[in-house]
Amino acid sequence: MLKYGERSGNFHMLPPGPNSPVGVIWIALNKKGIGIHGTNEPKTIGRAASHGCIRLANWDVVRLAQKVKPGVPVSIH
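Just so you know, these numbers come straight off a predicted model, no measurement behind them. (Residues numbered from 1 in each chain as written. Predicted model: local features only at pLDDT ≥ 70, side-chain atom pairs only at ≥ 80, totals over all residues. Heavy atoms only, no water.)

**A look at the overall build of the protein chain**
Part 1 of the argument: In terms of helices and strands, the protein chain carries one helix and three strands.
Part 2 of the argument: Going residue by residue from the N terminus, the α and β elements of the protein chain occur as β-β-β-α.
Part 3 of the argument: Counting all 77 residues of the protein chain, 25% fall into the buried class.
Part 4 of the argument: Residue pairs at least 24 apart in sequence account for 32% of intrachain contacts in the protein chain once pairs closer than 6 positions are excluded. (Helix = DSSP H or I, 4+ residues; strand = E, 2+ residues; numbered from the N terminus. Buried < 20%, exposed > 50% of the residue type's maximum accessible area, 1.4 Å probe, protein only. Contact = heavy atoms within 4.5 Å.)

Here it is as structure tokens:
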């Protein structure tokens with residue numbers, strides 16, 4: 001998706017939460033719509049279920065968010 005995919009302008013803002021597909025936290029990256037986030041279905045981690053995002057268990061994304069500061073540059077190649 002990152003290399004060849006094309007994003008449409010038709011997207012939905014998903015609120016965070018324990019039952020949300022994006023989990024409890026969203027960490028935005030340098031590509032619009034791509035981020036590191038939790039999931040309400042941890043059993044799907046490691047399977048093709050997203051469009052380029054990095055999915056973590058909610059408890060892991062919370063720990064990661066505590067270790068990074070807003071504005072820290074992150075890029076995907």
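Alright, that's what it looks like, and here's the rest.
**Examining the sheet that holds strand 3 (residues 54-55)**
Part 1 of the argument: Strands sit in the order 1-2-3 across an open sheet of three strands; the sheet is mixed. Two strands in the sheet have a free side with no partner beyond their single neighbour: strand 1 (26-28) and strand 3.
Part 2 of the argument: Note that strand 1 and strand 2 (residues 35-37) share three bridges and pair antiparallel. Note that in strand 2 the partner of I27 across the bridge is I36. (Pairing = 2+ DSSP bridges.)

**Observations regarding the layout of surface pockets**
Part 1 of the argument: Within this model, the second largest pocket holds a volume of roughly 230 Å³.
Part 2 of the argument: If you list the elements that add at least two residues to the lining of the second largest pocket, you get strand 1 and helix 1 (58-67).
Part 3 of the argument: Broken down by class, the residue content of the lining of the second largest pocket amounts to eleven nonpolar, one polar and one charged. (1 Å grid on protein atoms, 1.4 Å probe; cavity = no way out; pocket = protein on both sides within 12 Å on 5 of 7 lines; lining within 4 Å. Points joined across faces, edges and corners; volume = space filled by probe spheres on them. Nonpolar A, V, L, I, M, F, W, Y, C, P; charged D, E, K, R; others polar.)

**Observations regarding the confidence of the model for the protein chain**
Part 1 of the argument: Of the residues in the protein chain, 75% have a pLDDT of 70 or more, and the chain-wide mean is 79.
Part 2 of the argument: Between the elements of the protein chain, mean pLDDT differs from a low of 87, seen in strand 1, to a high of 93, seen in helix 1. (pLDDT = per-residue confidence, 0-100.)

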